[in-house]
Amino acid sequence: MANWHGSPAVLHYAGCDSAIAELERQANGLSLAASSPPISHLVPRLLNHTTLSNGGAILAQERISADPYEFSWRRIDAATDLWLSRSFAAEVRERIQLDKRLDRVCELLPRFADVLLPARDALLQWFEMMQLPRDLAHGDFWLGNVLFHGDTISGIIDWEWARKDGVRAVDGLYLLLMSCANVHEVSITHYLCQLWSGEIDDAALRERISTLAARCGLERNDLNFIALMLWFDLLWQRTVRGGEASVTWSEKMISRTMPSLTIWLSSLSTARRPHAATH
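Everything quoted here is computed from the prediction, not taken from an experiment. (Residues numbered from 1 in each chain as written. Predicted model: local features only at pLDDT ≥ 70, side-chain atom pairs only at ≥ 80, totals over all residues. Heavy atoms only, no water.)

J.: A description of empty space enclosed by the protein should follow, citing residues and the corresponding values.
T.: Under the defined criterion, the tally for this structure stands at 1 cavity of 30 Å³ or more. Residue lining of the largest cavity: 13 residues in total, with G139, R163, V170, D171 and D233 positioned closest to the centre. Only β8 (163-166), α5 (168-183) and α8 (220-241) provide two or more residues apiece to the lining of the largest cavity. Looking at the lining of the largest cavity, the element that brings in the most residues is α8, giving 4 residues. (1 Å grid on protein atoms, 1.4 Å probe; cavity = no way out; pocket = protein on both sides within 12 Å on 5 of 7 lines; lining within 4 Å. Points joined across faces, edges and corners; volume = space filled by probe spheres on them. Helix = DSSP H or I, 4+ residues; strand = E, 2+ residues; numbered from the N terminus.)

Here's what the structure looks like:
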């Protein structure tokens, strides 16, 4: 926390290559989010982003006043409504880079090719068929990054993974799963596995997942693919960060979710298989 020329600010300093790259992503994400009229008033202003003479970097952004973090379904509902109710931006014309992101994940985690490659192929086939609209995605949209005064949203922070070719249902699902995982002190993999298995045990979460699917025009199996997009997004973010810790985290995530994911993918293959002719 700091003051930047009299303005309340959050000041970030980066000294190593990975941290400098993170600040670059944060600066780009803030600029991208600020250009979206429906939410620009909730995005912290980028006050400064400078490379220093010692090779380090600083980023200063506006500090938004907010109440302490608190989990509540009212706040989750408010964040969901804000995110899904935004008017769509003008059609994003450039081709989504989903295939390149998926390929990158598969290349860097070759020991899991048996699950990654079938998952990639199934997701790309589904995505091509669905032709989902593309729009601003946050990339880390959970309750910890949405600021409130009471139950009114006062800001949205941490735009490191923002991009303009995202699918807003992915952010919506992450909001639900990650916020619930945090309050129950479990990994998000816990709820991804439950979703693919059709066994969400939290009634309030289950109800909101169904509402999310209905508002986004998704069938039950479509929601499983949205979860698969989220799963790959989380792995892709780790590959971008790089380093041994990211690889270890990715391997643990894949190992924990592999049984449920594999069973669901197998059910897709079975459903596509032609029935034997009757005589």
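Read on, since the account is not over.
J.: Break down the sheet that holds strand β1 (residues 2-4) for me, citing the residues and quoting the values.
T.: Read from one edge of the open sheet, 4 strands run β1-β2-β4-β3, paired in antiparallel fashion. Edge positions in the sheet fall to β1 and β3 (46-51), since each of these pairs with one other strand and no more. Pairs of neighbouring strands in the sheet enclose a mean axial angle of 35 degrees, with direction left out of account. Both β1 and strand β2 (residues 7-14) contribute to a ladder of 3 bridges, which runs antiparallel. Of the residues in β2, the one forming a bridge with A2 is A9. (Pairing = 2+ DSSP bridges. Axes fitted to C-alpha atoms, helices over the stretch in contact; angles between N-to-C directions.)

J.: Tell me about the pairing of strand β7 (residues 152-156), and please be specific about residues and values.
T.: With respect to burial, β7 is a largely interior element, 4 of its 5 residues being buried. Relative to β7, strand β6 (residues 146-149) is paired through 4 bridges, and the arrangement is antiparallel. By the bridge assignment, F148 is partnered in β7 with I153. In this antiparallel pair of consecutive strands, β6 and β7, the connection spans 2 residues, and G150 shows a positive phi of 65 degrees. (Buried < 20%, exposed > 50% of the residue type's maximum accessible area, 1.4 Å probe, protein only.)

J.: Break down the packing of helix α2 (residues 73-85) against α5 for me, citing the residues and quoting the values.
T.: Where α2 meets α5, the closest approach of the two axes is 9 Å, and the angle between their N-to-C directions is 170 degrees. Our classification of the angle between α2 and α5 gives roughly antiparallel. When α2 is examined against α5, the residues W73, I76, A79, T80, W83, L84 and S85 are found in contact with a partner set consisting of R168, D171, L175, L176, S179 and C180. Partitioning the contact of α2 with α5 into residue classes produces 8 nonpolar, 3 polar and 2 charged. (Parallel < 35°, antiparallel > 145°, perpendicular 65-115°, else oblique. Contact = heavy atoms within 4.5 Å. Nonpolar A, V, L, I, M, F, W, Y, C, P; charged D, E, K, R; others polar.)

J.: Tell me about the side chain of E160, residues and numbers included.
T.: Following the sequence through the fold, E160 ends up in the loop between β7 and β8. Polar side-chain contacts of E160 include one of 2.6 Å to the side chain of R25. At 3.4 Å, the side chain of E160 and the side chain of R241 are in polar contact. In this structure, E160 is in contact with E22, R25, Q26 and R241, ignoring residues within four places of it in sequence. (Polar contact = N/O pair within 3.5 Å; in protein donor to acceptor, adjacent residues only side chain to side chain.)

J.: Tell me about the pattern of salt bridges, and please be specific about residues and values.
T.: Any two side chains of opposite charge can pair, so long as their charged atoms come close to each other. Summed over all chains, the structure comprises 16 salt bridges. A salt bridge links D77 to R208; the nearest nitrogen and oxygen atoms lie 2.8 Å apart. Of the two residues, D77 is situated in helix α2 and R208 in helix α7 (residues 203-215); the sequence distance between them amounts to 131 residues. Across the pair D165 and R101 runs a salt bridge, and its minimum N-O distance is 3.8 Å. Highlighted residues: D165 in strand β8 and R101 in helix α3 (residues 98-108), separated in sequence by 64 residues. This pair shows no difference in class: D165 is buried, exactly as R101 is. (Salt bridge = Lys/Arg side-chain N within 4 Å of Asp/Glu carboxyl O.)

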